[in-house]
Amino acid sequence: MGFLDKMFGNNDSKVSHSATIKWNALTEMQQLETIENESEQLPVLIFKHSTRCGISNMVLRNFEKEYAIEENSVKPYFLDLLEHRDISNAIAERFGVTHQSPQVLLIKNGKAVYDASHSDIEAEKLSDKL
């Protein structure tokens, strides 16, 4: 593995998800309705990730390493942008945010109350918005 692969991640590999975050895969357009409904009871986190982007891999790894939010405090969803760009576009439209990659959104009561992208994605900042 080369120096840049170690730093940013190997662009050809699938992401290995953290054991500390029990991600729910966001793979169906219909799940956006579910997310809106769930967010009435519990905040929902959406992490939009490009699996071939070194920067996105690095941001995801750092986010998962820093993540210390209690399991029942938020419901986390993971979106693979390369597989589901249509869902990402629908998220942007539905929640009124500009598409970015990587990007996190926090949904409460059916509305995006926080979003961040690239180096602004920090678990501590997200935790402050809960």
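Criteria and thresholds
Residues numbered from 1 in each chain as written. Predicted model: local features only at pLDDT ≥ 70, side-chain atom pairs only at ≥ 80, totals over all residues. Heavy atoms only, no water. Helix = DSSP H or I, 4+ residues; strand = E, 2+ residues; numbered from the N terminus. Buried < 20%, exposed > 50% of the residue type's maximum accessible area, 1.4 Å probe, protein only. Contact = heavy atoms within 4.5 Å. Pairing = 2+ DSSP bridges. Axes fitted to C-alpha atoms, helices over the stretch in contact; angles between N-to-C directions. pLDDT = per-residue confidence, 0-100. Phe/Tyr/Trp six-rings, centres within 6.5 Å; stacked < 30°, edge-to-face > 60°.

Notes on the overall build of the protein chain
When its secondary structure is counted, the protein chain shows five helices and five strands. In the protein chain, the succession of helices and strands from N to C terminus is α-β-α-β-α-β-α-β-β-α. Across the 130 residues in the protein chain, those meeting the buried criterion constitute 42%. The contacts of the protein chain with a sequence gap of at least 6 include a subset with a gap of at least 24, amounting to 69%.

Things to note about the sheet that holds strand E3 (residues 75–80)
Reading across from one edge, E1-E3-E2-E4-E5 is the order of the five strands in this open sheet, with mixed pairing throughout. The open sheet has two free edges, formed respectively by strand E1 (24–25) and strand E5 (111–117), since each of these has just one partner strand. Examined bridge by bridge, strand E4 (residues 103–108) and E5 share six bridges and lie antiparallel to one another. Directly across from Gln103, in E5, lies its bridge partner Ser117. Here helix H2 (residues 31–38) sits on the sheet in contact with E1, strand E2 (44–49), E3 and E4, set at roughly 155° to E3.

As for the environment of Arg94
Looking at the element boundaries, Arg94 is found in helix H4 (residues 85–95). Note on Arg94: relative accessible area 36%, which makes it partly exposed. Between the alpha carbons of Arg94 and Lys111 there is a distance of 8.8 Å; along the sequence they are 17 residues apart. Other than its neighbours up to four places away in sequence, Arg94 contacts Leu32, Glu33 and Glu36.

Concerning the confidence of the model for the protein chain
The predicted model of the protein chain averages 87 in pLDDT, with 85% of residues at 70 or higher. Within the model, pLDDT remains below 50 along residues 1–16, and this stretch shows 28 contacts once partners closer than five positions in the same chain are excluded.

Here we look at the packing of aromatic side chains
Here the structure, examined in full by the defined rule, presents five aromatic pairs. Between Trp23 and Phe47, the aromatic rings sit 5.9 Å apart at their centres with planes inclined by 70°, giving edge-to-face as the arrangement. Of the two residues, Trp23 sits in the loop between helix H1 (3–8) and E1 while Phe47 sits in strand E2, which places them 24 residues apart along the sequence. Like Phe47, Trp23 is buried. Their ring planes at 10° and their centres at 6.3 Å tell us that Phe47 and Phe78 sit as a pair that is stacked. Here Phe47 is found in strand E2, whereas its partner Phe78 is found in strand E3, with 31 residues between them in sequence. Here Phe47 and Phe78 have matching classes, each one buried. Three or more aromatic residues link up through ring pairs in this structure, and these residues are Trp23, Phe47, Phe63, Tyr67 and Phe78.

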